[in-house]
Structure formats: C-alpha cells, structure tokens
Amino acid sequence: MIELILSTSFGFVCLCLLVLKERERTKDKERHFAIEKELLDRIMSRDYGEYSSVKNPMMSDSLDSENWTTSENETSIYLQALGEDLPPNLMSAYSTEKGAMSMVMEEWEKGMNRMQPYHKQWFLNIAYLLGFQHLVWHPARNRLWLPPSRRRQVRMTSNLLMSAYRINLSKLSGSSTAISVLPNSNEQEDVDAARLAQKVWFHIKNDIKWRQIKRRLLGWVLSTGNGFILTEWNPNSGEMLSQVEEQEVEVRKVDEQGNVIIGEDGNPVSEVKTEVIGVEQYRTGKVSMKSLSPFSVIPIGSGTEIEDCDSLIVGEWLSLEEIRRQFPEKGKYVVPEVRDTASTFEKFLDGLVSPTTSQINPQGSSGEPAEKGAVVKRYWQKSSPEFPSGRLIICANNVMLFIGDNPTPRDNNGDTPIPVVHYREIDVPFRLWGRSSIEDQIPDQKAYNKALSIILEHHSLFKGKWIVPRGAHLKESNLDSSADEVVEAIPIGGQMPYMANINPPQPTLFKVLEYHKQRSTSYRC
C-alpha cells in the first residue's frame, strides 16, 4: 500500500513538473514571439506594411531597397533578441543603405578636414567684415582667438571693409538680372517652347523671391569668394489639392422589384460601376531655389568646376519639426544631435556674431540643447557607369531619409548633372574655390588700425604726464582738471613737479592713414 502511494505521488509530481515545464516553454515561445513581432513591426512596418511582403514570395522579389530604412541599433536589438539573422532580401537592402550612409559620413568627415585651410581664411574674412579685426587664428585651438593686450593698450577699429562691402553689395544686387531662354533651333515649335519657358521663369522668379536669394548669394561671394545656388523640385510644397479615388466594381443588374436579371445564357447579367473609395490629398509641388553657404558644401572628386566633380555633399542644419515636415515617413526616426559638434562652421560663425553669449547651442537646465535638430546631409551624384541616373542620398544622424536616383532633369548630353551652380568673385587658375577681395584688403585694414591706435595712444598722453621727484609727497589724486586748486609739494633738490612736454605724433602716421584708406576704397565696384 505504501509503495503504491509513493509511486502514485511520484507519478503525480513528475506530471506536475512536466506540466510546469511545458507551461514555461509555452511562455518562452509567447515571449519570443512577442519580441519578434514588436521588433519586426518597428523595423519593417515603415515600408513593408506589417511584414506582409516578406510573407509573400511573389512580393519579396519586387522589394526595392529605396524603401527600406532602419537603424543599426534596432537591428542589433533584433538580432540579440531573436538570435538569428534578418531575411536575406531585407539584410541585403539594409546592408546597401548602411554602406551608402557610411560612405556619405566618411566623405563628409574627409571633406571637412580637407576644407580646413579654406575655412580658416573665410572665418578671418567674416571676422574682419563684422568688425572683429584684432583676432588671429590659434593653431592649437583651431579657431579665431583674441591675444591678450598690454597695459593701457589702445585697440582702435575703423571698419573700412564694411563700407566697401555695402557699396559692392548694393551695386550688384540692385541691378535686375536679365535671363533669356534661347530656342534650340529656328523651328516654330522650339521658338514657342522658349517663349513659354521665359514666362515660366518669370513666374518662378517672383515665386521664389529671387532678389532675396540673389542678395544672400552675393553676400557669400563677396565675403568668402564663393557662393552656391541649389535648384530642385520640392514635392512637399505648393498648393494642397484633393483628388477623389475611384474603383471600378462589377455588380449584378436587378429589376425594379430587386430581382437579379438573368441573361439568355442563363447567367446573371453584370455591369461595371465606379465607386468612390476615398479622397487623396497631395501638394502640387514647386521649384525650390536657395543659396548655400560655402561652409556646407563638400565637393568630391578632382576638377576646377562643379561639373567636373563626381559628386557633392550639402550639409544643412534643420530642426526636428522641419525634418519631419520634409520627410513625413522617416523623419520621425531622427533623434536630435548637438549642434555644437554637428556643424563646427556654424558654431564659429555664431561666436563671431556673439562672442560672449552663443545662441547656436544654448543649454537648458537638463544640459540638452534648447534647439533640437540634426544636420541633414544630401549626397548628389551625377551619372556614372555604375549609376546611369545618378544618385541622391539623404541621411541625418544615422537615419536614412531617402536613397534613389538623382531627380535632376538630364542635360543636352543625356546625363544627370548635380543641381548646384558655383559662383566666384575672383577665379584662381587650377583651383575650384574662388578668392575674395577681402583677403587683399585685410593687410591695409591692419595697417590702418595700427596707425590709428598709435595716434590715439599718443593723444591720450596730452591729458598730462607729470614728472614728480620722489619724496615730493604729491598725491596723484591732486593732479586733476579742477580749477583754482592749491597743490602742495615738497621740492627735492630745488626741483618742483612739472608737466612733461610731449611732442605731437609724426606726420608720417597721418600719411599712412590716408594711404591705406585710399587703397581700401579702390576695391569698390
């Protein structure tokens, strides 16, 4: 009896253990399935619609890598959670995008390092133009720096550059730019097309506010010697329109009593009707034209013209709201980055405008930047044997926003160009980058400020330099401009305190001022 009870108890315990083990295994499967579903939805639902295309082999063959977006962090979480690889087609698309994004980031970093000598000179030009004319470039800190001054040193600045800059900017931007569209031939069809294009340009010119863009462009050209215009089609702007979505459906005909009409062949008679299934809203789109800072343009390849370069990267700081507006599907995955490290040139330029309180990256109480955004990098590639239609890659903070063909219309040779035009103030042979006349004005500005500072220092001596023998017990506070004041002093060796006789400054200094002032005015248009 005891053995029967023990065997029964042992069997019951084993059964309970099996049940518990199976239940735990079921929970593990459910937990594993939940993780898989959540992470797959996060990774793939962006473009693949609940992973349905991967389930269907017929749809898997038509996957396009342009619509595949993920981040390395999410993929690593997925692989760690599931302990297995992504499907081959999705892994291939992911690897393509990851490689393209890594290439853009690498070229951007190389380009920024390669552009350091030019950026140094442009920073100096803008600093002198803004009136910060006693700054020098600190090689160790890699930025503009104000060296310490000696005691009672006068640092006078008379900004001659700004007057010449304003005159040149006003003359160049005040005149109206005459742009004419020439027909390709004397045929009437080409002549009519040219007239139509001329009218289209007049409309675009008024719509994009060409005068403001031109003035901004000339500002960069005159200050750094280089300016850029980017022209592209923006599908997310323009007038909002609505279009009714209809679908043709086949329905059976019925008579007045609601009975199905039977044909001569004995089958129900059908007819095709159009039903409204929804309303689609879209924007008309319009031409977008804007001036680019030379600090944000990185040409890739050799050549003395943009047309000779293989590709070009444009980096632009945008707020998170603007990124999500321009890229509604994938912009929501972009996280903010610190602007201080993201765009060094903007930090430097802001430091010139406001040396004491920087507004580019104001820190809040939590230490995070008050303005949340990221640098959107656009990689434009022209036609090549590998990519006949060129490429356009847009990414921001390790998130791929777009990858596909270059949407720029083909030129007369049938190639897809880079939609960026380069303007220079002074062309330099065998060099892509132009030169600004401010670089030639800086030595004259330095000499003018130095001569003027010496004159002002000398002028301050005429307030009174007293020679007082030691022991005369004459207080410095007594030597002021008060009238009818009795000053007591003890003569030392029969010598009383007296005011020193200071000679006026040399006339050569005034000739130096006039010489460099005339040279500075010679750079006006």
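Residues numbered from 1 in each chain as written. Predicted model: local features only at pLDDT ≥ 70, side-chain atom pairs only at ≥ 80, totals over all residues. Heavy atoms only, no water.

1. With respect to the pairing of strand E8 (residues 311-319)
Under the convention used in this document: Each residue is placed in one exposure class: buried if its accessible area under a 1.4 Å probe, protein chains only, is under 20% of its type's maximum, exposed if it is over 50%, and partly exposed if it falls in between. The helix and strand labels rest on DSSP assignments: H or I over at least four residues marks a helix, E over at least two residues marks a strand, and numbering proceeds from the N terminus. Two strands are said to pair when DSSP picks up at least two bridges between them.
With 7 of its 9 residues buried, E8 lies for the most part within the structure. One ladder, built from 4 bridges, connects strand E7 (residues 297-300) with E8; its direction is antiparallel. The residue bridging Pro299 from the neighbouring strand is Leu312, located in E8. Here E8 runs beside strand E9 (residues 373-381); their pairing, made up of 9 bridges, is antiparallel. Bridge assignment links Leu318 to a residue of E9, and that residue is Ala374.

2. Some details on the sheet that holds strand E10 (residues 391-396)
Where we set the bar: An axis is simply a line fitted to the C-alpha atoms; with a helix, the fit covers only the stretch in contact. Between two such axes, the angle follows the N-to-C directions and lies from 0 to 180 degrees.
Strands sit in the order E7-E8-E9-E10-E11 across an open sheet of 5 strands; the sheet is antiparallel. Edge positions in the open sheet fall to E7 and strand E11 (399-404), since each of these has one partner strand only. Put simply, the sheet's adjacent strands are angled 15 degrees from each other on average, direction ignored. Where E10 lies against E11, 5 bridges are found, and the strand directions are antiparallel. Bridge assignment links Cys395 to a residue of E11, and that residue is Met400.

3. Observations regarding a nonpolar patch on the surface
The test is simple: Put simply, a patch holds well-exposed residues, over 30% relative accessible area, that have no salt bridge, with like charges counted together within 9 Å and Val, Leu, Ile, Met, Phe, Trp or Tyr side chains within 5 Å. In this description, accessible areas are obtained by the Shrake-Rupley approach with a 1.4 Å probe, and a residue is regarded as covered only by the protein chains that are shown. The working definition used for a salt bridge is a side-chain nitrogen of Lys or Arg within 4 Å of a carboxyl oxygen of Asp or Glu.
Taken together, Val244, Val276 and Val279 make up a surface patch of nonpolar side chains, about 280 Å² in accessible area. Inspection of the secondary structure puts Val279 in strand E5 (residues 270-283).

4. A few points about the pattern of salt bridges
Taken as a whole, this structure holds 10 salt bridges when the rule is applied. With its nearest N and O atoms 2.9 Å apart, the salt bridge here joins Lys290 to Glu316. In this pair, Lys290 sits in strand E6 (residues 286-292) while Glu316 sits in strand E8, placing the two residues 26 residues apart along the sequence. Judged by its relative accessible area of 22%, Lys290 is partly exposed. Exposure remark for Glu316: the relative accessible area of 24% places this residue in the partly exposed category. Among the ionic pairs, Asp444 bridges to Arg519, the shortest N-O distance being 2.9 Å. One end of the pair, Asp444, is in helix H13 (residues 438-461); the other, Arg519, is in helix H14 (residues 507-521), with 75 residues separating them in the sequence. Looking at Asp444, the relative accessible area reads 6%, which means it is buried. Take Arg519: its relative accessible area is 32%, and that puts it in the partly exposed class.

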